[in-house]
Amino acid sequence: MKDLDRIDRQILELLQKDGRITNQALSERVALSPRACLDRVRRLEKTGFISGYMALVEPRRLGGLLTIVVEVSLRDQSQATHARFEQRMRQCPEVIECFLVSGACDYVLRLACRSLDHYREITNGWTDDPALGVERLSSKPELQTVKAFRGYPLE
């Protein structure tokens, strides 16, 4: 954040709310010329503050996806085990988020599955693979999304 001035933070905040805002509208909202605004956005992209753009899809409109929060504990803490596990999570399209955490478990995941049977197939594949090193899974189905991620605070 120390590399960002007030205008950079405003640009990031506005783009988090609406990634399709035109450069003209963005420049008006931050009180810059369109060219200066575009230069700042490109610099934010180049320096990695903006890593990409995507549409936020409403999961309820996708036909009954079941979302499940899963806590995962590994058998050992070797770098190789963590690397194998993380690679597998990156390759699994149903894993929509994966966090390495500290505490009672090693990872917290969010999965989007068609059904409980689909979830069980996926997780059985993980626990049946000795190279993955999964010791324990603790699953919590999401009953309701109270607040979905919509950007980082930039104040």
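Computed from a predicted structure; not experimentally measured. (Residues numbered from 1 in each chain as written. Predicted model: local features only at pLDDT ≥ 70, side-chain atom pairs only at ≥ 80, totals over all residues. Heavy atoms only, no water.)

Draft legend 1. How the structure looks around the sheet that holds strand S1 (residues 66-74). An order of S2-S3-S1-S4 is seen for the four strands of this open sheet, with the pairing classed as antiparallel. At either margin of the open sheet sits one strand with a lone partner, and together these are strand S2 (95-100) and strand S4 (134-141). Going across the sheet, the axis of each strand differs from the next one's by a mean of 20°, ignoring polarity. Lying over the sheet, helix H4 (residues 79-91) contacts S1, S2, strand S3 (107-113) and S4, oriented at roughly 20° with respect to S3. (Pairing = 2+ DSSP bridges. Helix = DSSP H or I, 4+ residues; strand = E, 2+ residues; numbered from the N terminus. Axes fitted to C-alpha atoms, helices over the stretch in contact; angles between N-to-C directions. Contact = heavy atoms within 4.5 Å.)

Draft legend 2. Main features of the nonpolar core. Grouped together as the largest cluster of nonpolar side chains are 17 residues, with contacts concentrated most on Val70, Val72, Phe85, Leu109, Leu111, Trp126 and Val134. Broken down by secondary-structure element, the contributors of at least two residues to this core are S1, H4, S3 and helix H5 (116-127). Beyond its immediate sequence surroundings of up to four residues, Leu111 is in contact with Leu66, Thr67, Ile68, Val70, Glu94, Val95, Ile96, Tyr119, Ile122 and Trp126. If you look at the next biggest cluster of nonpolar residues, it comprises 14 residues, including Leu12, Ile21, Cys37 and Ile50. (Core = buried A, V, L, I, M, F, W, Y, C linked by side-chain atoms within 4.5 Å. Buried < 20%, exposed > 50% of the residue type's maximum accessible area, 1.4 Å probe, protein only.)

Draft legend 3. Spotlight on the packing of aromatic side chains. Taken as a whole and assessed by the stated rule, the structure comprises two aromatic pairs. For the pair Phe149 and Tyr152, a centre-to-centre distance of 5.0 Å together with 65° between the ring planes defines the contact as edge-to-face. Using a relative accessible area of 60% as the deciding quantity, one classes Tyr152 as exposed. (Phe/Tyr/Trp six-rings, centres within 6.5 Å; stacked < 30°, edge-to-face > 60°.)

Draft legend 4. Molecular detail of unusual backbone geometry. In this structure, Ala31 takes a positive phi of about 60° despite not being glycine. Looking at the secondary structure, you find Ala31 in the loop between helix H2 (23-30) and helix H3 (34-46). Residue Ala31 is classed as exposed on the basis of its relative accessible area, which comes to 68%.

The values are spatial; any link to function lies outside them.
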